[in-house]
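The residues making up each chain are set out below.
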Amino acid sequence: MQIRSKQPFTILALALASLPMSLLAQPGNDASRAAGNGVVAATAKPMALLLAAKSDDLPMSRDDLFGSAEPAAAPAATPVAAPASEAPLSRDALFGTDASSVAAPASEAPPSRDALFGTDEPAAAAPAGELPLSRDGLFATDEPAAVAPASEAPLSRDALFGTDEPAAAPAGDLPLSRDALFGDSDATAPKGAAEQAVAKATSRPVRYRGFIQNVMAYTTPEPSHWSEAMTRADLSAQGNFSGGIKWHLGVRVDFDAVYAVSDFYPQAVNDNQTLNVLLRENYIDIGAGDWDFRLGRQQIIWGEMVGLLFGDVVSAKDMRHFVLPEFDILRIPQWAARAEYFKGDFHAEAIWIPVASYDNIGKPGAQFYDYTLVPYGEATFRNEKIPTRNLANTNYGLRLSMLHNGWDVAAFAYSSMSVAPTFYREIIAGPQPSVTYQARHERIDQYGTTFSKDLGSMVLKGEAVYTSGQKYEVADLSDADGLVGQNTLTWVLGLDFSQFTDTRINVQLFQNHFFDHNPDIIPASNENGYSLLVNRKFGGQFEAQALYIASFNRNDWMLRPRLSWNFEKNWDLAVGVDIFDGPPDGFFGRYDDSDRVYSEVRYSF
């Protein structure tokens, strides 16, 4: 750094200003106090500026200046104080953490830290009026960054000192985050007003999920045959519209190769069960305070027990494989409008189904089609009669639920065209009488309740449904349509035990009671039954399960043992057996010739 020649009065003023500091710096050294003032010499030839601390000689290094090395021998000099109008030469000097230094005149900036101490060539001084952009910039050890206009604030700490690129943002935009404010994130704020930033913050990406499954089943009773070779692909997507409206789309494709390559079943069955494209849940959700509205094709589940469906009165079901598939595959969504109200522990739900879905029972001749009695050994089946689409045939219901003292209790009322068909019979007289059946759907009304209670190591669950208007088949051949109306009460009570590690045991008792029982129908006035489920996990990869459901009234039962192996993330392999036994008119016995072994492979994503 160079010191230009100055007028004598300037030198004198600097010397006088430094006198108090010199006296304070050397209070106990008489020789130093008598040494006189330090003189700042200036010549035409450039020379390094040296600061005197204890003598007339200037320190030769930064260590000398800050006292971290022995001072070089030199004549004593009194340090010259910087005028108040001059800027400090360093952060340390600014905060008083080192000895006072002589500041450069206001028009001159120190070219570098090293130049200050005479260790490099002087650098070009910054123009007067400009502030150093960084600590390194102050000492000229980096490239100066462009100075932001006075009206603009620095975008980050690094930008303030010129160590990163400034992130430009339109004046009208608001930063979305601290990182966006300082330009440290990859995402950039949307251009536009503040509401655009809020809209982006509340949006969510589309999420996909689903599974691919293969089921192979072989029926063992004679004639033994392959009865299922199903490849099933299920895909759903969900996301948000603007304004908080959510959407969900789902589709499932089933292809069963058994019906494509085998002639074991009638052609109508092959056509019905080879390839199916099924719409799953497809709806939009709208929230409004305590209210939620769902419009579209959706699952409405009002009850669920183990193994059988009792209180789940709204859902239609795909019965072409009886009750063997999982419930989420078995259920068929309904086209419905649903309104739900939430207030604390209270929940109300109202539904209207303008276009109903009905149980898919398949075609005569399929493995699990035996729904009726055939008194003459052979029957003709007409096409199923689906209710016409009009206001009188729509379904509607109301469900109220509350959580109180650990009890989760609900009550519902539902009026509908029955999802399960009723088989109307017509007998044609002749030398060899013949019988014709047609599946139809009746208007029924149902009232029910569901409840559950956590009892520590046990969970108590129950359901009860009263049904009026349902018709049942009679054995009386003189009856014109072979049906009689019956009002029934179906209830089920279950206990879940989980006190054993990795083991679940479920026990259920159920009954179907017929009011004003007609003796010509097949069921007794009280049809009683029970079920037992035992599930055990082994080491997180293996799971064994056995489900047994039986009737107390007759030797009618179903047994389903199964072993699952989670051999890889998202991959499951299962093998099992389905066994049926009982009389031909029993709920399970009618499928006595349908015992099977099966395997399932499933990949979920």
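Located above this text is the structure these notes cover.
This section reports on the structure supplied with the text. All of these numbers come straight from a predicted model, not from anything done at the bench.

1. A few points about the pairing of strand 5 (residues 282-288)
Then, in step 1: Pairing analysis gives 3 bridges linking strand 3 (residues 246-256) to strand 5, with the strands arranged antiparallel. Pairing of Trp 247 across the sheet is with Ile 284, part of strand 5.
Then, in step 2: Here 7 bridges tie strand 5 to strand 6 (residues 291-298), and the two strands are oriented antiparallel to one another. Opposite Asn 282, over in strand 6, you have Arg 297 as the bridge partner.
Then, in step 3: Hairpin remark: strand 5 followed by strand 6, antiparallel, with 2 residues in the connecting loop; positive phi at Gly 289, about 65°.

2. Quick word on the pattern of salt bridges
Then, in step 1: Scanning the model with the defined rule gives 16 salt bridges in all.
Then, in step 2: For Lys 343, the salt bridge identified is with Asp 290, shortest N-O distance 3.3 Å. Highlighted residues: Lys 343 in strand 9 (residues 334-343) and Asp 290 in the loop between strand 5 and strand 6, separated in sequence by 53 residues.
Then, in step 3: By relative accessible area, which is 49% here, Lys 343 ends up partly exposed.
Then, in step 4: We note a salt bridge from Glu 527 to Arg 554, for which the minimum N-O separation is 2.9 Å. Taken as a pair, Glu 527 in strand 20 (residues 526-538) and Arg 554 in the loop between strand 21 (542-551) and strand 22 (557-568) lie far apart in primary sequence, 27 residues in all.
Then, in step 5: Since its relative accessible area comes to 27%, Arg 554 is described here as partly exposed.

3. Description of the packing of aromatic side chains
Then, in step 1: For the structure on display, the rule yields 35 aromatic pairs.
Then, in step 2: Seen in terms of ring centroids, Tyr 371 and Phe 423 are 6.0 Å apart; in terms of plane orientation they differ by 20°. Their pairing is stacked. Of this pair, Tyr 371 sits in the loop between strand 10 (346-355) and strand 11 (379-381) while Phe 423 sits in strand 14 (residues 422-428), and the two are 52 residues apart along the sequence.
Then, in step 3: Seen in terms of ring centroids, Trp 407 and Phe 451 are 6.4 Å apart; in terms of plane orientation they differ by 50°. Their pairing is tilted. Of this pair, Trp 407 sits in strand 13 (residues 407-417) while Phe 451 is found in strand 16 (residues 443-454), placing the two residues 44 residues apart along the sequence.
Then, in step 4: Trp 407 gets classed as partly exposed once you look at its relative accessible area, which sits at 36%.
Then, in step 5: The residue whose ring lies beneath Arg 440 is Tyr 424, and the NZ or CZ to ring-centre distance is 4.3 Å.

4. Brief notes about the environment of Gln 238
Then, in step 1: Here Gln 238 is to be found in strand 2 (residues 225-240).
Then, in step 2: By relative accessible area, which is 28% here, Gln 238 ends up partly exposed.
Then, in step 3: Sequence separation between Gln 238 and Pro 205 is 33 residues; the distance between their C-alpha atoms is 8.7 Å.
Then, in step 4: Filtering out sequence-adjacent residues up to four positions away, Gln 238 remains in contact with Pro 205, Val 206, Arg 207, Trp 247 and His 248.
Then, in step 5: Separated by 3.4 Å, the side chains of Gln 238 and His 248 make a polar contact.

5. As for a nonpolar patch on the surface
Then, in step 1: Side chains of Val 206, Tyr 208, Ile 212, Leu 235, Val 251, Val 253, Phe 255, Leu 275, Val 277, Leu 279, Trp 335 and Phe 605 sit close together on the surface and give an oily, nonpolar patch of about 1100 Å² of accessible area.
Then, in step 2: Elements with a contribution of two residues or more to the nonpolar patch: strand 1 (207-219), strand 3 and strand 4 (275-279).
Then, in step 3: Within the secondary structure, Phe 255 is located in strand 3.

6. Things to note about the nonpolar core
Then, in step 1: Phe 322, Ile 549, Met 558 and Phe 580 are the most contacted members of the largest nonpolar core, which totals 18 residues.
Then, in step 2: Residues contacting Phe 580, with those up to four places away along its chain left out, are Phe 322, Leu 324, Phe 368, Trp 557, Met 558, Phe 588, Tyr 591, Asp 592, Ser 594 and Asp 595.
Then, in step 3: The next biggest cluster of nonpolar side chains, apart from the first, holds 13 residues, and it includes Ile 351, Ile 353, Ala 356 and Tyr 358.

7. Side note on the environment of Ser 357
Then, in step 1: Here Ser 357 is to be found in the loop between strand 10 and strand 11.
Then, in step 2: Note on Ser 357: relative accessible area 10%, which makes it buried.
Then, in step 3: Between the alpha carbons of Ser 357 and Pro 333 there is a distance of 7.2 Å; along the sequence they are 24 residues apart.
Then, in step 4: For Ser 357, the side chain forms a polar contact with the main-chain oxygen of Pro 333, separated by 3.1 Å.

8. Quick notes on the side chain of Gln 213
Then, in step 1: With respect to the helices, strands and loops of the structure, Gln 213 is situated in strand 1.
Then, in step 2: In this structure, Gln 213 is in contact with Met 230, Thr 231, Arg 232, Ile 329, Glu 600, Val 601 and Arg 602, ignoring residues within four places of it in sequence.

9. As for the sheet that holds strand 11
Hydrogen bonds between backbone groups are what pair the strands of a sheet, and the pairing can be parallel or antiparallel.
Then, in step 1: Strand order in the open sheet formed by 3 strands is 11-15-14, and the pairing between neighbours is mixed. Two strands close off the open sheet at either side, each with one partner strand: strand 11 and strand 14. Geometrically, the sheet is characterised by an average inter-axis angle of 25° between neighbouring strands, direction not taken into account.
Then, in step 2: In the sheet, strand 14 pairs with strand 15 (residues 434-440) via 7 bridges, with the strands oriented antiparallel. Across the sheet, Glu 426 pairs through a bridge with Thr 436, a residue of strand 15.

10. Some remarks on the environment of Gly 377
Then, in step 1: Following the sequence through the fold, Gly 377 ends up in the loop between strand 10 and strand 11.
Then, in step 2: Taking relative accessible area as the criterion, Gly 377 reaches 67% and is therefore assigned exposed.
Then, in step 3: Considering only alpha carbons, one finds Gly 377 and Val 435, 58 residues apart in sequence, at a separation of 9.3 Å.

11. Details of the pairing of strand 18 (residues 483-497)
Then, in step 1: As defined by bridge partners, strand 17 (residues 458-473) adjoins strand 18 across 14 bridges and the pair is classed as antiparallel. Bridging from a neighbouring strand, Glu 473 pairs with Leu 483 of strand 18.
Then, in step 2: Direction of pairing for strand 18 relative to strand 19 (residues 503-515): antiparallel, over a ladder of 11 bridges. Within strand 19, the residue paired with Asp 496 across the bridge is Asn 506.

Analysis parameters
Residue positions are counted from 1 within each chain, in the order its sequence is given. With pLDDT at 70 or above as the cut-off, local features in this predicted model cover only qualifying residues; side-chain atom pairs require 80 or more to be listed or tallied, and sums for whole chains, interfaces and linings still use all residues. The side-chain values count all of the structure's non-hydrogen atoms but skip hydrogen atoms and water molecules. When DSSP finds at least two bridges between two strands, those strands are taken to pair. Every helix listed is a DSSP run of H or I at least four residues long, and every strand listed is a run of E at least two residues long, numbered separately from the N terminus. For this document, the term salt bridge refers to a Lys or Arg side-chain nitrogen within 4 Å of an Asp or Glu carboxyl oxygen. A 1.4 Å probe rolled over the protein chains alone gives each residue an accessible area, and that area as a share of the maximum for its type sets the label: buried under 20%, exposed over 50%, partly exposed in between. Two rings belonging to Phe, Tyr or Trp (six-membered ring only in the last case) form a pair when the distance between their centres is within 6.5 Å. Interplanar angles under 30 degrees mark stacking, angles over 60 mark edge-to-face geometry, and anything in between is tilted. Distance and angle both matter: a charge sits over a ring if NZ of Lys or CZ of Arg is within 6 Å of the ring centre and within 35 degrees of the ring normal. Residue contacts are counted whenever heavy atoms from the two residues lie within 4.5 Å of one another. Pairing of N or O atoms within 3.5 Å defines a polar contact, subject to two protein rules: one partner must be a possible hydrogen donor and the other a possible acceptor, and residues neighboring in sequence count only if both atoms are side-chain atoms. Exposure above 30% relative accessible area and the absence of a salt bridge qualify a residue for a patch, where like charges join within 9 Å and nonpolar side chains (Val, Leu, Ile, Met, Phe, Trp, Tyr) within 5 Å. We get accessible surface area from the Shrake-Rupley algorithm with a probe of 1.4 Å; when it comes to residues, only the shown protein chains can shield them. Take the buried Ala, Val, Leu, Ile, Met, Phe, Trp, Tyr and Cys residues and link them wherever side-chain atoms come within 4.5 Å; each set so joined is a nonpolar core. The convention used is that axes are lines fitted to C-alpha atoms, helices contributing only their stretch in contact, and that angles between N-to-C directions extend from 0 to 180 degrees.

Everything listed is a geometric property; what it means functionally is a separate question.
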